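A look at the structure
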Amino acid sequence: MHDIRLIRDNPEAFDRGLKARGLAPLSERLIAIDEKRRAAIASLQMAQERRNSLSREIGEAKKAKDETRAAALMAEVAKLKEEIPAAEEAERVAIAELDAALAAIPNTPKPDVPIGEDEMGNVERHNHGVRRNYSFQPKQHFELGEASGLMDFETAAKLSGSRFTVLKGGLARLSRALGQFMLDLHTTEHGYTEVNPPLLVRDPAVFGVGQLPKFEEDLFRTTDGRWLISTAEVTLTNFVRDSIVSEDELPMRLTALTPCFRSEAGAAGKDTRGMLRQHQFEKVELVSITTPEQSADEHERMLACAEAVLRKLDLHYRVVTLCTGDMGFASAKTYDIEVWLPGQGAYREISSCSVCTDFQARRMNARYRPKDGKAPRFVHTLNGSGTAVGRALIAVMETWQNEDGSVTVPPVLEPYMGGITRIEKAA
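Residues numbered from 1 in each chain as written. Predicted model: local features only at pLDDT ≥ 70, side-chain atom pairs only at ≥ 80, totals over all residues. Heavy atoms only, no water.

Definition in use: UniProt positions are given in the numbering used here, feature names are shortened, and annotations may be inferred rather than shown by experiment.
In the annotation of an unreviewed UniProt entry, the entry for the protein reads Serine--tRNA ligase, and the organism field reads Chelatococcus albus. In its Subunit (unreviewed entry) section, UniProt records this for the protein: "Homodimer. The tRNA molecule binds across the dimer." In UniProt, the protein has this text filed under Pathway (unreviewed entry): "Aminoacyl-tRNA biosynthesis; selenocysteinyl-tRNA(Sec) biosynthesis; L-seryl-tRNA(Sec) from L-serine and tRNA(Sec): step 1/1."

Structure follows, in structure tokens:
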């Protein structure tokens with residue numbers, strides 16, 4: 001959420017940020033709506049102040065036994081009592097109109113974010129490792145999974161429809177191992193606190209991270225009005241909603257392994273084979289709450305934590321800085337980690353690490369109290385995948401595959417696999 005006061009103070013800078021996002025200038029329209037809001041507030045305050053003044057004058061007139069004046073004043077009060085509810089409603093409508101307009105506008109990008117219209121404008125930052133050479137034509141994950149009998153799309157479709165997967169045996173265990181490995185890494189080596197959060201949340205939590213109202217169609221809603229989380233970012237970031245934390249508590253670093261649910265409303269026809277794009281998947285989420293001064297360094301740190309997962313799994317990947325036209329709604333700057341999939345012969349996103357500055361904090365009213373005792377300030381929020389478990393499974397399967405269709409277990413996962421070092425065809 002943007003601060004209308006900052007927009008009024010520097011409308012040109014605000015419009016430049018929107019232009020970088022490919023949006024038309026909005027400052028003039030927003031300031032006009034704010035003028036209506038300010039006028040409505042002023043009108044209500046004047047009416048209330050006049051009513052209070054009249055009450056005093058009525059008392060004075062009655063004390064002076066000036067019944068004629070008292071009656072005239074009381075008639076004016078009665079008229080104000082009829083007018084004030086309308087003024088209150090006008091104020092409410094004006095505030096709601098401004099809030100709705102501000103809530104629909106994405107965060108403005110940081111100055112160093114590359115300008116671009118779509119993913120073609122993203123800029124590679126660095127890469128790690130090299131593509132493996134195979135003496136055979138590497139297969140895609142679904143070919144390996146179906147041939148082994150351990151990845152069952154037919155049963156999943158029978159149970160739930162498209163974009164679901166049933167994993168069995170060694171692949172189910174490998175998926176579980178990946179999630180546990182990531183959690184252990186982030187909690188023991190990277191300083192994150194593990195959380196087991198709810199999977200169902202109410203409207204304010206989803207609004208707080210910027211998914212409502214704009215992205216309602218991408219979410220699943222229950223019959224009682226709650227939302228299934230699309231990522232643990234929703235719950236973890238909202239831990240500080242409507243609160244003022246001490247600066248000593250920052251940076252706050254939280255992680256969770258949860259199922260995630262997405263309708264993939266805009267993904268018709270994309271990645272229909274395999275388990276790259278699912279309605280239900282698991283992901284290890286990283287969330288940081290910081291002061292404004294800490295957030296840039298924390299963004300680099302979070303990226304390094306996510307990269308560490310892929311490095312330990314010995315996967316080839318690259319990091320790209322997303323351009324202005326490809327960033328998420330709440331992001332001010334985003335790094336994507338794209339892992340190389342030998343079977344597909346392409347890089348695919350496996351993690352996205354974003355700094356949202358105070359954009360989400362304003363929507364959540366999340367603040368901290370500085371050590372110097374000055375007035376509370378909005379925190380900065382960051383989130384990243386550390387990483388998507390399903391896509392990590394895909395990358396491990398395709399990278400560590402063998403000519404006979406088996407998959408070697410990366411050494412770092414062996415302690416989680418109970419002595420299994422190779423995933424082979426179901427007996």
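Right, picking up where we left off after that structure.
Considerations on the overall build of the protein
Rules: Starting at the N terminus, helices and strands are each numbered in turn, a helix being any DSSP run of H or I of at least four residues and a strand any DSSP run of E of at least two. As defined in this context, the radius of gyration uses C-alpha atoms, and a globule is described by 2.2 Å times the residue total to the power 0.38. Buried residues are those whose accessible area, probed at 1.4 Å on protein chains only, stays under 20% of the maximum for their type, while exposed residues exceed 50% and partly exposed ones sit between those limits. Values of accessible area rely on a 1.4 Å probe in the Shrake-Rupley scheme; residue burial ignores everything except the protein chains shown. Counting rule for charge: Lys and Arg are taken as positive, Asp and Glu as negative, and neither His nor the chain ends is counted. Here the site of a charge means atom NZ of a Lys, CZ of an Arg, CG of an Asp or CD of a Glu.
Helix and strand content of the protein: 12 helices and 18 strands. Relative to a compact globule of 427 residues, whose C-alpha radius of gyration would be 22 Å, the protein shows 28 Å and is clearly more extended. For the protein, buried positions account for 49% of its 427 residues. Counting only carbon and sulfur atoms, one obtains 49% of the accessible surface of the protein, whose full area is about 20500 Å². When the 56 positive and 63 negative side-chain charges of the protein are each reduced to one mean point, those points stand 2 Å apart.

What to know about the packing of helix H5 (residues 141-148) against helix H12 (residues 389-399)
Short version of the rule: Throughout, an axis means a line fitted to C-alpha atoms (over the contacting stretch in the case of helices), and angles, computed between N-to-C directions, take values from 0 to 180 degrees. Working rule for angles: under 35 degrees goes down as roughly parallel, over 145 as roughly antiparallel, 65 to 115 as roughly perpendicular, anything else as oblique. Every residue pair with non-hydrogen atoms within 4.5 Å of one another is taken to be in contact. In this classification, the charged set is Asp, Glu, Lys and Arg, the nonpolar set is Ala, Val, Leu, Ile, Met, Phe, Trp, Tyr, Cys and Pro, and all remaining amino acids, among them Gly, are polar.
At their nearest, the axes of H5 and H12 sit 9 Å apart, and the two run at 80 degrees to each other. Classified by the interaxial angle, the pair formed by H5 and H12 is roughly perpendicular. On the side of H5, the interface is formed by His141, Leu144 and Gly145, while H12 contributes Ile394, Met397 and Glu398. Taken together, the residues of the contact of H5 with H12 sort by class into three nonpolar, two polar and one charged.

Overview of the UniProt feature "coiled-coil region" (unreviewed entry) in the protein
Here the UniProt-annotated "coiled-coil region" (unreviewed entry) positions come out as residues 37-90. Along residues 37-90 the backbone is 94% helical and 0% strand, and the end-to-end C-alpha distance reaches 8 Å.

What to know about the sheet that holds strand E8 (residues 243-246)
Paired through backbone hydrogen bonds, the strands of a sheet run either parallel or antiparallel to each other. What counts here: Strand pairing is defined by DSSP finding a minimum of two bridges between the two strands.
Taken together, three strands build an open sheet; the order of strands is E8-E14-E15 and the sheet is mixed. Pairing within the sheet leaves two strands with one partner each, and these edge strands are E8 and strand E15 (377-378). Sheet topology places E8 next to strand E14 (residues 366-369); four bridges connect them, and they run parallel. Opposite isoleucine 244, over in E14, you have arginine 367 as the bridge partner.

A few points about the packing of helix H2 (residues 11-20) against helix H3 (residues 27-63)
Angle between the axes and distance between the axes: these two values describe a pair of packed helices. Packing of H2 against H3 brings their axes to within 9 Å, and their N-to-C directions diverge by 130 degrees. When the axes of H2 and H3 are compared, the pair comes out oblique. Contacts between H2 and H3 involve Pro11, Phe14 and Asp15 from the former and Ser27, Leu30 and Ile31 from the latter. In terms of residue class, the contact of H2 with H3 is built from four nonpolar, one polar and one charged.

Some details on the UniProt feature "binding site: ATP" (unreviewed entry) in the protein
The condition is simple: The term polar contact refers here to a pair of N or O atoms within 3.5 Å; inside protein, the definition further demands a hydrogen-donor-capable atom paired with an acceptor-capable atom, and it admits residues adjacent in sequence only when both atoms are side-chain atoms.
Feature annotation in UniProt places "binding site: ATP" (unreviewed entry) on Arg262, Ser263, Glu264, Glu349, Ile350, Ser351 and Ser352, given in this structure's numbering. Here arginine 262 is to be found in the loop between strand E9 (252-261) and strand E10 (280-290). Setting aside chain neighbours within four positions, we find arginine 262 in contact with Asp218, Phe220, Ser230, Thr231, Gln278, His279, Phe281 and Lys283. Here serine 230 takes part through its backbone oxygen, which lies 3.0 Å from a polar atom of the side chain of arginine 262. Structurally, the position occupied by glutamate 264 is in the loop between E9 and E10. A relative accessible area of 18% means that glutamate 264 is categorised as buried. When near neighbours in sequence (up to four residues on either side) are disregarded, glutamate 264 contacts Arg163, Asp218, Arg277, Gln278 and His279.

A few points about the sheet that holds strand E7 (residues 227-228)
With antiparallel pairing, the three strands of this open sheet are ordered in space as E5-E7-E6. A single partner strand is all that each edge strand has here, and the edge strands are strand E5 (200-201) and strand E6 (220-221). Relative to E7, E6 runs antiparallel, the two sharing two bridges. Across the sheet, the residue bridging to arginine 221 is tryptophan 227, located in E7.

Section: the state of the cysteines
Put simply, the rule reads: Pairs of cysteine sulfur atoms within 2.5 Å are identified as disulfides in what follows.
Scanning all chains against the criterion turns up zero disulfides. The cysteine cysteine 260 is free of any disulfide, with cysteine 353 supplying the nearest cysteine sulfur at 15 Å. Residue cysteine 260 is classed as buried on the basis of its relative accessible area, which comes to 0%.

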